[in-house]
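# Structural characterization, general
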Amino acid sequence: MLSNQEGPHSQLDKTVCKHRDSVFAKPYAEHSQQAFDAAQLWISQRPKRALIFDACCGVGQSSRLIATAHPNCNVVAVDKSQHRLQRGHETLPENLLLLRADLNDFYRLAHEAHWQLFKHLVLYPNPWPKAAHLGRRWHGAPVFPHMLALGGQLEVRSNWLLYLQEFQLALQHYQKRYAIESNVQSLQVEQPLTPFEAKYDRSGQQLWQLTAMIMPR
């Protein structure tokens, strides 16, 4: 990963705390609201099931694998690109819902609706490796508090260790709100969950994962 950062961003703590202590009031996009309403209806028709959320799901390969591995859970997967979502043409597992939405909206709507997740996956997000782009990384974005409010078992994977180290540092600023246990470790791939994971693994890159349990205090 090419970056002009050699360590955690110098403005990381300041940025994370600013978003933690402020309100993200950007209006919701209409298509995001419609997608969330569809998710709410779908979940209401499938009650008493734990909820798994696959964010930035791309073509939905990870979503299908996760839904198949957890047949007793509801799996909601969201990506911003309809083109990517339409690339997977096989029949979906009956416990999977794929949606197009802006996650900056969807996370806030889920928080407002008091979603509590069993699992929350963010697999190979765009790392935005330039220092000037800290605010585009999930942990540096204003929506970060809403992501964490969904709780559960969070897993973030990346081929850039520094991204996950920053994410873990950002979690520390929420210890008064949540009981958080986190760990960053190397990842050995047996069955790739995403096309990016397969690509990085084939090229010999070291892959990393952050896992965190987030529980309300």
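Look up a bit, the structure's there.
Reference entry: report on the structure contained in this document. The structure displayed is predicted, hence computed values, not measured ones.

## Quick word on the overall build of the chain
Assigned secondary structure in the chain consists of 8 helices and 7 strands. In summary, the chain has a C-alpha radius of gyration of 17 Å against a globular reference of 17 Å for 217 residues, a match within 12%. Along the longest, intermediate and shortest principal axes, the C-alpha atoms of the chain span 45 × 40 × 30 Å. For the chain, contacts bridging at least 24 residues in sequence account for 75% of all contacts bridging at least 6. When the accessible surface of the chain is summed, it comes to about 11,100 Å², and 51% of that surface belongs to carbon and sulfur atoms.

## Some remarks on the pairing of strand S2 (residues 73-79)
Summarising burial for S2: 7 of the 7 residues are buried, a large majority. With burial as the criterion, each face of S2 is covered, one bearing Cys73, Val75, Ala77 and Asp79 and the other bearing Asn74, Val76 and Val78. With helix H3 (residues 61-69) bridging strand S1 (residues 50-55) and its parallel neighbour S2, the resulting β-α-β unit is right-handed. Here S2 pairs with strand S3 (residues 96-100) via 5 bridges, running parallel.

## Let's talk about the side chain of asparagine 74
Turning to its location among the elements, asparagine 74 is positioned in strand S2. On the basis of relative accessible area, asparagine 74 is assigned to the buried category, the value being 1%. If we skip the residues at most four places from it in the chain, asparagine 74 touches Trp42, Ile43, Arg46, Arg49, Ala50, Leu51, Ile52 and Asn95.

## Details of the environment of isoleucine 43
Here isoleucine 43 lies in helix H2 (residues 30-44). Residue class for isoleucine 43 comes out buried when judged on its relative accessible area of 18%. For the pair formed by isoleucine 43 and asparagine 74, sequence separation is 31 residues and the distance between their alpha carbons is 7.3 Å. When sequence neighbours within four positions are dropped, the list of residues in contact with isoleucine 43 reads Leu51, Asn74, Val76 and Trp115.

## Some thoughts on the side chain of histidine 19
Tracing the chain through its elements places histidine 19 in helix H1 (residues 12-20). Setting aside residues no more than four positions away along its own chain, histidine 19 makes contact with Gly140, Ala141, Pro142, Pro145 and Tyr174.

## Re empty space enclosed by the protein
Using the criterion set out here, one finds 1 cavity of 30 Å³ or more in the structure. In this model, the largest cavity occupies a volume close to 30 Å³. Around the largest cavity sit His120, Met147, Leu148, Gly151, Leu154, Phe167 and Ile214, which together line it. Across the lining of the largest cavity, the residue classes tally to 5 nonpolar, 2 polar and no charged.

## Observations concerning the pattern of salt bridges
One pass over the full model with this rule turns up 8 salt bridges. Of the charged contacts in the structure, one is a salt bridge between glutamate 94 and arginine 46, with a shortest N-O distance of 2.8 Å. Here arginine 46 lies in the loop between H2 and S1 and glutamate 94 lies in the loop between helix H4 (82-85) and S3, a separation of 48 residues in the sequence. Relative accessible area serves as the criterion here: at 15%, arginine 46 is assigned to the buried category. Salt bridges sharing partners connect three or more residues here, namely Arg46, Arg49 and Glu94.

What counts, and where the lines are drawn
Residues numbered from 1 in each chain as written. Predicted model: local features only at pLDDT ≥ 70, side-chain atom pairs only at ≥ 80, totals over all residues. Heavy atoms only, no water. Helix = DSSP H or I, 4+ residues; strand = E, 2+ residues; numbered from the N terminus. Rg over C-alpha atoms; globule rule 2.2 N^0.38 Å. Contact = heavy atoms within 4.5 Å. Areas by Shrake-Rupley, 256 points an atom, 1.4 Å probe, with all protein chains shown as cover. Buried < 20%, exposed > 50% of the residue type's maximum accessible area, 1.4 Å probe, protein only. Right-handed = clockwise from strand over helix to strand, strands pointing away. Pairing = 2+ DSSP bridges. 1 Å grid on protein atoms, 1.4 Å probe; cavity = no way out; pocket = protein on both sides within 12 Å on 5 of 7 lines; lining within 4 Å. Points joined across faces, edges and corners; volume = space filled by probe spheres on them. Nonpolar A, V, L, I, M, F, W, Y, C, P; charged D, E, K, R; others polar. Salt bridge = Lys/Arg side-chain N within 4 Å of Asp/Glu carboxyl O.

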